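Working through the structure, step by step
Given next are the chains, with one letter for each unit.
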Amino acid sequence: MLVALAANLVIAVAKAVGGLAAHSPALLSEAAHSVADSVNEVFLLAALRRSRRPADRRHPFGYGKERFFWSLLAAVGIFVMGGCFSFYQGVEALRNGAEEELEGYVAGLVVLAFALLAEGTSLARALYQAHRQGGLGDGGLRDPALRTVVAEDGTAVLGVTLALAGMALHMVTGQVVYEAAASLAIGALLVYVAYRLGREARDQLIGEAADPEAADRIRELLCAQPEIDSVEALFTMKTGLESALVAARVDLVPGLDSEEVEEVAVRIKRAVGEAVPEAEQIFLDITDRAAQEGRQSPAATGERGGA
């Protein structure tokens, strides 16, 4: 994360200076892109720090969703600072043209080549980290902060490539339309990435269910318990990157007294917690009529491990 932030800051300054010196709309669009990425990295660093705070009285389920909130802000930042400014630069270039000279082209292309190297290095590091966490599928990109970094760096590499192509074609043909088209393409790319990241953060903020594999493991484990006659309902919700809430309504076999119900509830919750480590809060609702007294026991409702 710190590597990505440092790279974005250096690249943003280089692109801004080069863009102003060369009067290049594509290079200025990429400068805005890098500024947006830098601000977003700050957001994500705040998310990492704040999401680690322990649960308290005001937030009994912890602060894990801080990551999702700051990821949403990062998506808004990409859209506003990167996408909208790139569209503006492209439209202005089409309306008023660009006054680049040979020295400006050379300086811009050198800056973009340096940016491509730096962005590619940052992307390689992010992909390596994702690979260590499980690959590019759902396993390796569960962390919204890492997912945003991979999206930003991948978009940055593609954006720099578009800017390089636009400037090179402008230099060869003398037609500013190529560079303006590159700016518009960069803007469209950033808006798309912002939409995808924002949609994912929204789903997690409003209460996304745990991974289907985890829910299936929990249901299978509950159904395998000899004391459970049926699983009437199972609800899960992510409360953080590595934490989830589990609530199950189960019907016990008849004939269990209140003490047996309590012992069964404690054992089942412990088994669920061992099978699915991210299930930090586990609640059981006993529906068997013969166990009405047990429904009110501390082991039947509460956190993992019972009373």
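That block above? That's the structure.
The notes below deal with the structure included here. Throughout this document, residue positions are counted from 1 along each chain, in the order its sequence is written. Reporting in this predicted model follows two pLDDT cut-offs: at least 70 for local features of residues, and 80 or more for side-chain atom pairs to be given and counted; totals over whole chains, interfaces and linings ignore these cut-offs and use all residues. Side-chain numbers come from the whole structure's heavy atoms, not from hydrogens or water.

**Quick notes on the overall build of the chain**
In DSSP terms, a helix is any run of H or I states spanning at least four residues, a strand is any run of E spanning at least two, and both are numbered starting from the N terminus. A count of helices and strands for the chain gives nine helices and three strands. The linear arrangement of helices and strands in the chain, starting from the amino end, is α-α-α-α-α-α-α-β-β-α-β-α. Exposure classes here rest on a 1.4 Å probe applied to the protein chains alone. A residue is buried below 20% of its type maximum, exposed above 50%, and partly exposed in between. Counting over 307 residues, the chain shows a buried share of 47%. The contact rule is simple, with two residues in contact once any of their heavy atoms fall within 4.5 Å. Sequence-distant contacts, at least 24 apart, represent 72% of the contacts inside the chain between residues at least 6 apart.

**Focus: the pattern of salt bridges**
By definition, a salt bridge exists where a carboxyl oxygen of Asp or Glu is found within 4 Å of a side-chain nitrogen of Lys or Arg. This model, assessed by the stated rule, comprises nine salt bridges. Of the charged contacts, one joins Arg53 and Glu66 as a salt bridge, the two residues approaching to 2.9 Å between their closest N and O atoms. Residue Arg53 is found in the loop between helix H2 (25-50) and helix H3 (66-96), and its partner Glu66 is found in helix H3; the two are separated by 13 residues along the sequence. Given a relative accessible area of 13%, Glu66 falls into the buried group. A salt bridge links Lys238 to Glu208, with the nearest nitrogen and oxygen atoms 3.8 Å apart. Linking Lys238 in strand S1 (residues 228-240) with Glu208 in the loop between helix H6 (177-205) and helix H7 (212-223), this pair joins segments that are 30 residues apart in sequence. Residue class for Glu208 comes out partly exposed when judged on its relative accessible area of 29%.

**Here's the deal with the pairing of strand S3 (residues 279-286)**
Along a regular strand, successive side chains alternate from one face of the sheet to the other. In this scheme, strands are said to pair when DSSP sees at least two bridges between them. Sheet analysis places strand S2 (residues 243-252) next to S3, joined by seven bridges and oriented parallel. Across the sheet, Leu245 pairs through a bridge with Gln281, a residue of S3. The definition of a right-handed crossover adopted here requires that, viewed with the strands pointing away, the path from the first strand over the helix to the second runs clockwise. After leaving S2, the chain enters helix H8 (residues 258-275) and then returns to the sheet as S3, a path that is right-handed.

**With respect to the sheet that holds S1**
Ordered in space as S1-S2-S3, the three strands form an open sheet in which the pairing is mixed. What marks the edges here is a single partner per strand, and that holds for S1 and S3. In this sheet, neighbouring strand axes are inclined to one another by 15 degrees on average, regardless of whether the strands run parallel or antiparallel. Bridge analysis of S1 against S2 gives ten bridges, and the strand direction is antiparallel. From the neighbouring strand, Val231 faces S2, where its bridge partner is Val250. Axis definition: a line fitted to C-alpha atoms, limited for helices to the stretch in contact. Angles are taken between N-to-C directions and run from 0 to 180 degrees. The strands touched by H7 are S1 and S2; relative to S1, the strand with the most contacts, the crossing angle is about 150 degrees.

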